[in-house]
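# Observations on the model geometry
Letter by letter, the chains look like this.
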Amino acid sequence: MAGGGGTRFWPVSRTSRPKQFLDMLGTGKTFLRSTFERFAPFIPAENFLVVTNAAHKQLALEQLPELTERQILAEPLGRNTATCIAYAAFRLQATAPDATMIVTPADHLILNEHVFREVVEEAAEFAGSHDALVTIGVHPTRPATGYGYIQTGKPVGNSGMHQVRTFVEKPNAEMAQTFLQSGDFVWNSGIFLWQTGVILRELEKLMPDTYQLFRSADAAYGTPEESDAIARLYPECRGISIDYAVMEKADNVYVRCGDFGWSDIGTWGSLYDYLPKDDAGNTAGCEAVTFDTTGCLIRMPEGKLAVLEGLSDFIIVDTPDALLVCPKGNEQNIKRFIDAIKFHKGERHI
């Protein structure tokens, strides 16, 4: 899943090139490229599908030259993850009906890819042989308030799987601490596995409107008529996440937990946690001279010098046409900043 506008990484992430197509970690690889390479050792290139905005189709092909144009599913507009997954499932039903799907966002960080592969392969084996919706859970290391949580239930034999008791949306700090201490809550990674037929059955039961819209285009999947059919039906689809629409309501949901250094790099603050820092806790992806400045994320265009004094825990991000200076604790306001820019300055800076 490579959709989304990446607005929380403004002003680096823009409508024309959101964060999944950027090298946010300074590794020389974009999030999308890193995600492909994470799965490529055990998934043949011809088995990948990338769902992204139609405007980013060529960008995806440039970054994933191993894929063909047919493997990029172009959304005419964003309708959240349930619609994205429904599109991929209907395409697979037409072209590979017996497939087991692994659904992953394109913008996650995985530090221990060997352990991650073991967890995913075990979960895929279970999903491929059971009437099950499987999600990957991550043992929490801190009382994070920015992640959803899963409460684990009974173990399933010696498979490493657990039944899911409940999903919990992003909690407050007190509740997150309670979850951490309880020992039976894990972070919801947003990575899912299931047989194509199983997810389609659940979509038919729990999202009949969306299911019927995609079903009406049955004859088009895998043909030159597919893009026109998708363009007609997408505006009628509800924008809703797969968690709300299916996972929280279905009664055949399981979780495979693991520890593999996972993070949903969704904000400047979360990115800061994974970047190298100087003795004052500053992380600078540029040339910077600091005085009495601590805990700051500093990012400037190549060749530009930053000189900072008297700042603590700030985000300072400069681009050729926009500058963001914001306390890390207020970064949730970035979407509000963008709305204000649209109102006052139009779309030029977005």
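Below, the structure is looked at part by part.

## Describing the overall build of the protein
From N to C terminus, the protein includes 11 helices and 16 strands. Expected size for 350 residues packed as a compact globule is a radius of gyration near 20 Å; at 21 Å, the protein falls within 12% of this value. Expressed as lengths along the three principal axes of its C-alpha atoms, the size of the protein is roughly 60 × 50 × 35 Å. Within the protein, the fraction of its 350 residues that count as buried is 49%. Excluding contacts between residues fewer than 6 apart, the proportion of contacts in the protein whose partners are at least 24 apart in sequence is 64%.

## Some details on the sheet that holds strand β11 (residues 283–284)
One open sheet holds the 4 strands; their spatial order is β11-β13-β15-β16, and the pairing between them is mixed. Each edge of the sheet is formed by a strand with only one pairing partner; in this case those strands are β11 and β16 (322–327). Examined bridge by bridge, strand β13 (residues 297–299) and strand β15 (residues 314–319) share 3 bridges and lie parallel to one another. Of the residues in β15, the one forming a bridge with Ile298 is Ile316.

## Observations regarding the packing of helix α3 (residues 80–95) against helix α7 (residues 208–215)
At a minimum axis separation of 10 Å, α3 and α7 run at an interaxial angle of 40°. The angle between α3 and α7 falls in the class oblique. Crossing angle aside, the handedness with which α3 passes α7 is right-handed. Contacts between α3 and α7 pair Thr83, Ala86, Tyr87, Phe90 and Gln93 from the former with Thr210, Tyr211, Phe214 and Arg215 from the latter. Partitioning the contact of α3 with α7 into residue classes produces 5 nonpolar, 3 polar and 1 charged.

## Examining the packing of aromatic side chains
A full pass over the atoms with the stated rule returns 18 aromatic pairs. For the pair Phe214 and Tyr234, a centre-to-centre distance of 6.0 Å together with 85° between the ring planes defines the contact as edge-to-face. Here the residue Phe214 occupies a position in helix α7, and Tyr234 occupies one in the loop between α8 (226–233) and α9 (242–247), the gap between them amounting to 20 residues. For Tyr234, a relative accessible area of 0% gives the class buried. Among the aromatic residues, ring-to-ring pairing joins Tyr87, Phe90, Tyr211, Phe214, Tyr221 and Tyr234 into one connected group. Just above the ring of Tyr272 sits the side chain of Lys277; from NZ or CZ to the centre is 4.7 Å. Over the aromatic face of Tyr272 sits the side chain of Lys328, whose NZ or CZ is 3.3 Å from the ring centroid.

## Quick notes on the state of the cysteines
Within the structure shown, the criterion is met by 0 disulfides. We note that Cys84 lacks a disulfide partner, and the nearest cysteine sulfur, in Cys237, lies 11 Å from it.

## Remarks on a nonpolar patch on the surface
On the surface, a nonpolar cluster with roughly 360 Å² of combined accessible area is contributed by Val289, Phe291, Leu305 and Val307. Every element with two or more residues in the nonpolar patch is listed here: β12 (287–291) and β14 (305–309). As for its placement among the helices and strands, Val289 is situated in strand β12.

## Notes on unusual backbone geometry
Cis geometry marks the peptide bond from Trp10 to Pro11, where omega comes out at 10°. Of note, Pro11 is situated in the segment before α1 (31–39). If you check the backbone angles, Asp292 has positive phi at about 50° while not being a glycine. Mapped onto the fold, Asp292 is located in the loop between β12 and β13. Take Asp292: its relative accessible area is 68%, and that puts it in the exposed class. Phi at Asp313 takes a positive value of approximately 60°, unusual for a residue other than glycine. Mapped onto the elements of the fold, Asp313 is located in the loop between β14 and β15. Residue class for Asp313 comes out partly exposed when judged on its relative accessible area of 38%.

## Some details on the pattern of salt bridges
Within this structure, the stated rule accounts for 17 salt bridges. Between Glu202 and Arg201 there is a salt bridge; the shortest N-O distance is 3.1 Å. Arg201 gets classed as partly exposed once you look at its relative accessible area, which sits at 35%. Where salt bridges share partners, they join Lys29, Arg33, Glu37 and Glu66 into one cluster.

## Quick word on the nonpolar core
Ranked by internal contacts, the top residues of the largest apolar core, which has 45 residues, are Trp194, Ile199, Phe214 and Ile242. Per-element tally for this core: the top contributor is α3, with 9 residues. Setting aside residues up to four positions removed in sequence, Trp194 forms contacts with Ile85, Ala99, Thr100, Met101, Val103, Ala127, Ala132, Leu133, Ile199, Ile242 and Met247. Among the nonpolar cores identified, the runner-up in size contains 40 residues, and Val50, Val120, Ala176 and Tyr254 belong to it.

What counts and what doesn't
Residues numbered from 1 in each chain as written. Predicted model: local features only at pLDDT ≥ 70, side-chain atom pairs only at ≥ 80, totals over all residues. Heavy atoms only, no water. Helix = DSSP H or I, 4+ residues; strand = E, 2+ residues; numbered from the N terminus. Rg over C-alpha atoms; globule rule 2.2 N^0.38 Å. Buried < 20%, exposed > 50% of the residue type's maximum accessible area, 1.4 Å probe, protein only. Contact = heavy atoms within 4.5 Å. Pairing = 2+ DSSP bridges. Axes fitted to C-alpha atoms, helices over the stretch in contact; angles between N-to-C directions. Parallel < 35°, antiparallel > 145°, perpendicular 65-115°, else oblique. Left-handed = near helix turned anticlockwise from the far one by under 90°. Nonpolar A, V, L, I, M, F, W, Y, C, P; charged D, E, K, R; others polar. Phe/Tyr/Trp six-rings, centres within 6.5 Å; stacked < 30°, edge-to-face > 60°. Lys NZ or Arg CZ within 6 Å of the ring centre and 35° of its normal. Disulfide = S-S within 2.5 Å. Patch = residues over 30% accessible without salt bridge, like charges linked within 9 Å, V, L, I, M, F, W, Y side chains within 5 Å. Areas by Shrake-Rupley, 256 points an atom, 1.4 Å probe, with all protein chains shown as cover. Salt bridge = Lys/Arg side-chain N within 4 Å of Asp/Glu carboxyl O. Core = buried A, V, L, I, M, F, W, Y, C linked by side-chain atoms within 4.5 Å.

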